[in-house]
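Each chain is listed here by its residues.
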Amino acid sequence: MILLGTLSYLGGFVLASQTDIPLLRAVSYVPLFSQIMLPVRLANGDVGAFGASMGLFIAMATLIGLTYLALIIYRMNILVYSDKGVFKALIATYQQLKESRQ
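Residues numbered from 1 in each chain as written. Predicted model: local features only at pLDDT ≥ 70, side-chain atom pairs only at ≥ 80, totals over all residues. Heavy atoms only, no water.

(A) The side chain of Ser8, seen in detail. Checked against the element boundaries, Ser8 lands in helix H1 (residues 2-17). Owing to a relative accessible area of 0%, Ser8 belongs among the buried residues under this scheme. Filtering out sequence-adjacent residues up to four positions away, Ser8 remains in contact with Leu32, Phe33, Ile36 and Met37. (Helix = DSSP H or I, 4+ residues; strand = E, 2+ residues; numbered from the N terminus. Buried < 20%, exposed > 50% of the residue type's maximum accessible area, 1.4 Å probe, protein only. Contact = heavy atoms within 4.5 Å.)

Here is the structure:
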């Protein structure tokens, strides 16, 4: 996570001087990168208010989705003790989720 934050920070510096890199323009809408890169693009005039609000909307939707996913995983695994390991427990949770939806 720290490495992704550092890459976002460095990408913001690159975008401050060169705004025509398509990869960085696209990555600036990804939620882990948007909080640093989109304000830089907005300050440079490279993106308007609509683009900045779209980045904010994508980040909010991702936050809500990940919160919902964490809630489902927490609800399925609360007070479940297992010696199988983390990945096997997540697979069992996924199978329980599939069975509960049918």
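(B) Region of interest: the packing of helix H3 (residues 31-44) against helix H4 (residues 49-77). Taken N-terminus to C-terminus, the directions of H3 and H4 make an angle of 165°; their axes are 10 Å apart at the nearest point. Between H3 and H4, the crossing angle belongs to the class labelled roughly antiparallel. Both H3 and H4 take part in a crossing whose hand is left-handed. Seen from H3, the contacting residues are Pro31, Ser34, Leu38 and Leu42; seen from H4, they are Ala49, Gly51, Ala52, Gly55, Ile58, Ala59 and Thr62. Its residues assigned to classes, the contact of H3 with H4 shows 7 nonpolar, 4 polar and no charged. (Axes fitted to C-alpha atoms, helices over the stretch in contact; angles between N-to-C directions. Parallel < 35°, antiparallel > 145°, perpendicular 65-115°, else oblique. Left-handed = near helix turned anticlockwise from the far one by under 90°. Nonpolar A, V, L, I, M, F, W, Y, C, P; charged D, E, K, R; others polar.)

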